[in-house]
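One-letter residues, chain by chain:
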Amino acid sequence: MFLYKGLYNKMNKEARFKLRVKMIEDYNQGKTISQISREYGVSRNTLRKWIKRYKEKGEEGLKELSRKPHNLPKEIQEKILEIRRKTNWGRERIALRLKLNEWTVRNVLRQNGIRKKRKERKGFFSAFWSWEIKEPFSHAQVDTKDILNKATLGTELYQKFSLLKLPRYQWTFCESISRFRFLGYSYRIS
């Protein structure tokens, strides 16, 4: 018994075709799909697909099919572009309106140079005067957050937190010049 595992993808088209024919012959001789898939190193689903194609089209069905994507008719492409021009809708709404796949609409829009405008990201800048301050601890940022959150902690930690009566709030104090951070905890926000 020769195992073809890992070799299948390295074969040329003609060798793969011959191997498929051999697998179908083994199947017709009474071997099970599991035995054949183990022996040749292909998945059972792939083997079932080839058996089905063989039953429908004969040996012609075992040849490799083109993987080139199907093109939409011009009328549908024009309709997508027309709706986009008139309404400025995104791909989701256009797809719902025309009962098409969202990704199909996206591809048509991209092929015609229509892309979603990206929002500019707002950069974080501390106050302009924080760089001008010369004295330490004269400017700081203070934040607080509720750390007793069941979704974040999980049920087990949340219950332990509640039983031990640990502080609920975390305070962060960040000094603007040295960037020192101090953490504190409290039971109340005050």
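Keep in mind that this is a model prediction, so the values were computed, not measured.

Undergrad: What's the story with the side chain of T172 in this structure? I'm lost.
TA: With respect to the helices and strands, the residue T172 is situated in strand β2 (residues 169–175). Among the residues examined, T172 registers a relative accessible area of 18% and is labelled buried. With near-sequence residues (within four places) excluded, T172 lies in contact with Q141, V142, D143, R181, F182 and L183.

Undergrad: I would appreciate a short explanation of the packing of helix α4 (residues 74–87) against helix α5 (residues 91–98) in the present structure.
TA: For any two helices packed against each other, the geometry comes down to the angle between their axes and how far apart the axes lie. Where α4 meets α5, the closest approach of the two axes is 11 Å, and the angle between their N-to-C directions is 125°. Classified by the angle between their axes, α4 and α5 sit oblique to one another. Where α4 crosses over α5, the two elements pack in a sense that is right-handed. Between α4, through K79, I80, I83 and R84, and α5, the contact on the second element is made entirely by I94, R97 and L98. Its residues assigned to classes, the contact of α4 with α5 shows four nonpolar, no polar and three charged.

Undergrad: It is not clear to me how a positive patch on the surface should be interpreted in this structure. Could you clarify?
TA: On the surface, R110, R115, K116, R118 and K119 cluster together to form a positively charged patch. Along the polypeptide, R115 turns up in the loop between α6 (102–111) and β1 (140–146).

Undergrad: Quick question: what am I supposed to make of a nonpolar patch on the surface here?
TA: Residues F137, F180 and F182 make up a contiguous nonpolar surface patch of about 330 Å² in total accessible area. By the secondary structure assignment, F137 is in the loop between α6 and β1.

Undergrad: Even after reading the chapter, I still don't get the packing of aromatic side chains, so can you show me in this structure?
TA: Remark: the centre distance and the inter-plane angle together describe each pair of aromatic rings, the angle taken between the planes. Taken as a whole and judged by the stated rule, the model has two aromatic pairs. Ring centres of F173 and F182 lie 5.8 Å apart, and the angle between their planes is 50°; this geometry places the pair in the tilted category. On the basis of relative accessible area, F173 is assigned to the partly exposed category, the value being 29%. For F182, a relative accessible area of 41% translates into the label partly exposed.

Undergrad: What exactly am I supposed to notice about the pattern of salt bridges here?
TA: Opposite charge on two side chains allows them to pair when their charged atoms are near. Enumeration according to the criterion identifies eleven salt bridges in this entry. Among the ionic pairs, D26 bridges to K31, the shortest N-O distance being 4.0 Å. For D26, a relative accessible area of 7% translates into the label buried. Across the pair R91 and E102 runs a salt bridge, and its minimum N-O distance is 3.0 Å. Of the two residues, R91 sits in helix α5 while E102 sits in helix α6, which places them eleven residues apart along the sequence. According to the relative accessible area criterion, R91 is partly exposed, its value standing at 26%. According to the relative accessible area criterion, E102 is partly exposed, its value standing at 26%. Each of the salt bridges in this network shares a partner with another, and the network as a whole consists of R16, R20 and E64.

Undergrad: Got a minute to help me understand the side chain of D26 in this structure?
TA: Tracing the sequence through the fold places D26 in helix α1 (residues 13–28). Contact partners of D26, with chain neighbours within four places excluded, come to K31, I36, E39 and Y40.

Undergrad: It is not clear to me how helix α2 (residues 33–40) should be interpreted in this structure. Could you clarify?
TA: Since the α-helix packs 3.6 residues into each turn, any two residues three or four apart lie on the same face. Inspection of α2 places I33, I36, S37, E39 and Y40 among the buried residues, and these make up the whole buried set. An end-on view of α2 places all buried positions within 165° of arc, on one side of the element. Tucked inside the fold, the buried residues of α2 contact α1 and α3 (44–57). After α2 finishes, the residue G41 shows a positive phi value of roughly 75°.

Rules and cut-offs
- Residues numbered from 1 in each chain as written.
- Predicted model: local features only at pLDDT ≥ 70, side-chain atom pairs only at ≥ 80, totals over all residues.
- Heavy atoms only, no water.
- Helix = DSSP H or I, 4+ residues; strand = E, 2+ residues; numbered from the N terminus.
- Buried < 20%, exposed > 50% of the residue type's maximum accessible area, 1.4 Å probe, protein only.
- Contact = heavy atoms within 4.5 Å.
- Axes fitted to C-alpha atoms, helices over the stretch in contact; angles between N-to-C directions.
- Parallel < 35°, antiparallel > 145°, perpendicular 65-115°, else oblique.
- Left-handed = near helix turned anticlockwise from the far one by under 90°.
- Nonpolar A, V, L, I, M, F, W, Y, C, P; charged D, E, K, R; others polar.
- Patch = residues over 30% accessible without salt bridge, like charges linked within 9 Å, V, L, I, M, F, W, Y side chains within 5 Å.
- Areas by Shrake-Rupley, 256 points an atom, 1.4 Å probe, with all protein chains shown as cover.
- Salt bridge = Lys/Arg side-chain N within 4 Å of Asp/Glu carboxyl O.
- Lys, Arg positive; Asp, Glu negative; His and termini not counted.
- Charge placed at Lys NZ, Arg CZ, Asp CG, Glu CD.
- Phe/Tyr/Trp six-rings, centres within 6.5 Å; stacked < 30°, edge-to-face > 60°.
- Arc of directions from axis to C-beta.

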